[in-house]
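Descriptive structure summary
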Amino acid sequence: MVSSDKIFIGVAWPYANGSLHLGHLAGCYLPADIFARFCRMTGKDVLMVSGSDEHGTPITITASNEGVSPKQIVDRYHREHTENMKTLGISFDLFTRTTAENHRRIVQEIFKTLYDKGYIYPREDEAFYCEHCRRFLPDRYIEGTCPYCGNKNARGDQCDECGKLLDPKDLMDVRCKLCGNTPVLKKTKHMFFALSKFEEKLLLWMRDKNHWRANVKKFTENWIKNGLKDRAITRDIEWGIPVPVEGFEDKRIYVWFDAVIGYLSASIQWANEQKEPDKWQEWWKNKDAKHYYFLAKDNIPFHTIIWPSILMGYDENLALPYDVPANEYLRLEGEQFSKSRGLAIWIPDIIKKFDVDAIRYYLSINMPENRDSNWMWNDFVAKNNDELLGIYGNLVHRVLTFTWKNFGKVPEQGELDEDDRAIIKEIEKTSQEVAEYLSKCSFKKALRSIMSLAQKGNVY
Ligand SMILES: [Zn+2]
Ligand SMILES: [Zn+2]
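Bear in mind that the values here come from a model prediction, so they are computed numbers and not experimental data. (Residues numbered from 1 in each chain as written. Chains lettered and ligands numbered in written order. Predicted model: local features only at pLDDT ≥ 70, side-chain atom pairs only at ≥ 80, totals over all residues. Heavy atoms only, no water.)

A look at the overall build of the protein
- Scanning the protein from N- to C-terminus turns up 14 helices and 16 strands.
- A globule of 460 residues ought to have a C-alpha radius of gyration of about 23 Å, and the protein, at 24 Å, matches this closely.
- Along the first, second and third principal axes, the C-alpha atoms of the protein reach 85 × 45 × 40 Å.
- Taking all 460 residues of the protein together, the buried fraction comes to 54%.
- The long-range fraction of contacts in the protein, counting pairs at least 24 apart against all pairs at least 6 apart in sequence, stands at 74%.
- Surface exposure of the protein reaches about 21,900 Å², of which carbon and sulfur atoms provide 49%. (Helix = DSSP H or I, 4+ residues; strand = E, 2+ residues; numbered from the N terminus. Rg over C-alpha atoms; globule rule 2.2 N^0.38 Å. Buried < 20%, exposed > 50% of the residue type's maximum accessible area, 1.4 Å probe, protein only. Contact = heavy atoms within 4.5 Å. Areas by Shrake-Rupley, 256 points an atom, 1.4 Å probe, with all protein chains shown as cover.)

Structure below.
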């Protein structure tokens, strides 16, 4: 059960390089919002933040494909994301962006501190370079075959099929994303984050995390047990946060290192906007505060390994994640959502055609909590008609019209008979059950309990 009064909710930052689709909504925004609303209703002090992830190669590649500047891309999609979140009723305290000045300042400060403490250090490295394009090929500028699952279109930073984080040199049959040529390895110098120094600490921290979802725990433990490797956290790229160390002026900080710091920087920005600049500490420097992170499964290692390590290295007093209830994937009629194959239902489209509550209901009753789930159009219609309208809507409508017709107002309570007492007991039981489920981020079960009570109400 949630026992602390201060609840921090961090929700994965969407890249500002394209529209959001239903997979994003089911993966993290909807569960985070349900949890935030539940916590607020039970009197908790909730701080929920996120924002647009505006750096990195996803942005620059989209910009060069369209022949516009990265700034134009992120401005366009940040505006769209912000409007979509509002329409969908995702109740953020702050939805900001990683190009915010406050964010840059805090990322550089954390980088500098970790560097001074020896957790970040320079190292000569070899990186792929395209002689045709005359440039280094960081992250998504390189594609090849995943050594773990054989996916032929794995990207330099991560394989979309198996979710493994990759170093470009792990890939087989590498090619330049821009021109298709085979790149060569060339010497370059980068800053490395000493992830290996956090192995013991992470294992110790994980010991009491028995409330984590099984897949999150297993994934994280396996990662640590396979040995944590130090990771390059700078890139040969022009778009991003400058490295605050002499001699690295032409490099930028790796997008994932910068993005996760957004949870802290957004909290500080929120406090500044409240005109109470120290207020963020009530969540971050409070050992009783509980921190929840909502994200889809491909983002697990960034939130259970990399972000906790950054926090531990930077300031021991900062709160670490309490729970990371990562969701599996939502699929579309049995297929994986895929931008390149045009297989997606885009948020800006669907919110024009359907009521937001209908979308939220179907995604909640069908949430990919412990395994992938499917968006099926006929099921979407059926679940809304048969359940949301047929059961819940019917109950509300019947109760209100009966009351209005017979009394014109809420009547005084009369003598209770056996049926009355039974249904009151049922209501109390369900309310406890639902609270229990919600506090464990078990949203599907909570909604099923509510619907089953509504059904009993219709029989009563
Ligand atoms: Zn793979
Ligand atoms: Zn090339």
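Observations concerning the coordination of the zinc ion (ligand 2)
- The zinc ion (ligand 2) binds to the protein through Cys-130 (SG), Cys-133 (SG), Cys-176 (SG) and Cys-179 (SG); the donor distances cover 2.2 to 2.3 Å.
- For the zinc ion (ligand 2), the four donor atoms are set out with angles of 102 to 115 degrees between them, so the coordination reads as tetrahedral.
- Each donor residue of the zinc ion (ligand 2) lies on the same chain, and together they follow the pattern C-x2-C-x42-C-x2-C. (Donors = N, O, S within 2.8 Å, 3.2 Å for Na, K, Ca; no water. Tetrahedral: all angles 85-135°; square planar, octahedral: opposite > 155°, others 65-115°.)

Thoughts on the pairing of strand β6 (residues 142–145)
- The pairing of β6 with strand β8 (residues 172–176) spans three bridges and is classified as antiparallel. Its bridge partner being in β8, Glu-143 is matched across the sheet by Arg-175.
- By the bridge criterion, two bridges tie β6 to strand β7 (residues 154–155) in an arrangement that is antiparallel. Note on β7: the bridge partner recorded for Glu-143 is Arg-155. (Pairing = 2+ DSSP bridges.)

Side note on the coordination of the zinc ion (ligand 1)
- Around the zinc ion (ligand 1), the protein contributes the donor atoms Cys-146 (SG), Cys-149 (SG), Cys-159 (SG) and Cys-162 (SG), at 2.3 Å from the metal centre.
- The coordination sphere of the zinc ion (ligand 1) comprises four donor atoms, whose angles at the metal cover 103 to 116 degrees; the geometry is tetrahedral.
- Positions of the donor residues of the zinc ion (ligand 1), expressed as sequence spacing, correspond to C-x2-C-x9-C-x2-C.
- Accessibility expressed as a relative area gives 1% for Cys-159, which makes it buried.

Quick look at the nonpolar core
- One finds Leu-22 and Trp-284 to be the most contacted residues of the largest nonpolar core, which totals 122 residues.
- No other element matches the twelve residues that helix α1 (residues 22–41) contributes to this core.
- With residues near it in sequence (within four places) discarded, Trp-284 still touches Phe-8, Tyr-263, Leu-264, Ser-267, His-291, Tyr-293, Trp-307, Leu-311, Asn-317, Leu-318 and Ala-319.
- Cys-130, Tyr-141, Ile-142 and Val-174 belong to the second-largest nonpolar core, a separate cluster that totals 13 residues. (Core = buried A, V, L, I, M, F, W, Y, C linked by side-chain atoms within 4.5 Å.)

Some details on the sheet that holds strand β13 (residues 290–294)
- Here four strands make up an open sheet; going across it, the order is β3-β2-β1-β13 and the pairing parallel. The outermost strands of the open sheet, each flanked by one partner alone, are β3 (94–97) and β13. Strand-to-strand, the axes of this sheet are offset by a mean angle of 20 degrees, without reference to chain direction.
- Sheet topology note: the strand β1 (residues 6–11)/β13 ladder contains five bridges and is parallel. Across the sheet, the residue bridging to Val-11 is Phe-294, located in β13.
- Sheet contacts for helix α7 (residues 255–273): β1, β2 (45–52), β3 and β13; angle to β3, the most-contacted strand, approximately 115 degrees. (Axes fitted to C-alpha atoms, helices over the stretch in contact; angles between N-to-C directions.)

Some points on unusual backbone geometry
- Located in the positive-phi region is Lys-275, a residue other than glycine, with phi close to 60 degrees.
- Here Lys-275 shows up in the loop between α7 and α8 (281–284).
- The class of Lys-275 is exposed, set by a relative accessible area of 71%.
- Unusually for a residue other than glycine, Glu-333 sits at a positive phi of about 50 degrees.
- On the accessibility criterion, Glu-333 (42% relative accessible area) is partly exposed.

Overview of the domain arrangement of the protein
- We note that the domain assignment places domain 1 (1–119 + 198–230 + 254–375), domain 2 (120–193) and domain 3 (377–459) within the protein.
- Just the C-alpha atoms count here: the centres of domain 2 and domain 3 sit 54 Å apart. (Domains from an automatic or database assignment.)

Topic: the packing of aromatic side chains
- Considering all chains together, one arrives at 27 aromatic pairs under this definition.
- Here the aromatic rings of Phe-193 and Phe-257 are separated by 6.0 Å at their centres, their planes lie at 70 degrees, and the arrangement is edge-to-face. Here Phe-193 is found in strand β9 (residues 184–193), whereas its partner Phe-257 is found in helix α7, with 64 residues between them in sequence.
- Residue Phe-193 is classed as buried on the basis of its relative accessible area of 2%.
- For Phe-257, a relative accessible area of 3% gives the class buried.
- Here Tyr-292 and Tyr-322 contribute two aromatic rings whose centre-to-centre distance is 5.5 Å and whose plane-to-plane angle is 65 degrees, an arrangement assigned as edge-to-face. Of the two residues, Tyr-292 is situated in strand β13 and Tyr-322 in the loop between α9 (300–314) and β14 (330–332); the sequence distance between them amounts to 30 residues. (Phe/Tyr/Trp six-rings, centres within 6.5 Å; stacked < 30°, edge-to-face > 60°.)

Some words on the environment of Phe-38
- For Phe-38, the location among the structural elements is in helix α1.
- Each C-alpha atom, one on Phe-38 and one on Ala-435, is 8.1 Å from the other, the two residues being 397 residues apart in sequence.
- Look past the residues within four positions of Phe-38 in its chain and what remains in contact with it is Ala-435, Leu-438 and Ser-439.

Quick notes on the environment of Trp-223
- You can see Trp-223 is positioned in helix α6 (residues 214–225).
- For Trp-223, a relative accessible area of 16% puts it in the buried group.
- Linking Trp-223 and Gly-408, residues 185 residues apart in sequence, is a C-alpha distance of 63 Å.
- If sequence neighbours within four positions are ignored, Trp-223 has contacts with Leu-165, Leu-228, Arg-231, Pro-301 and Ile-305.

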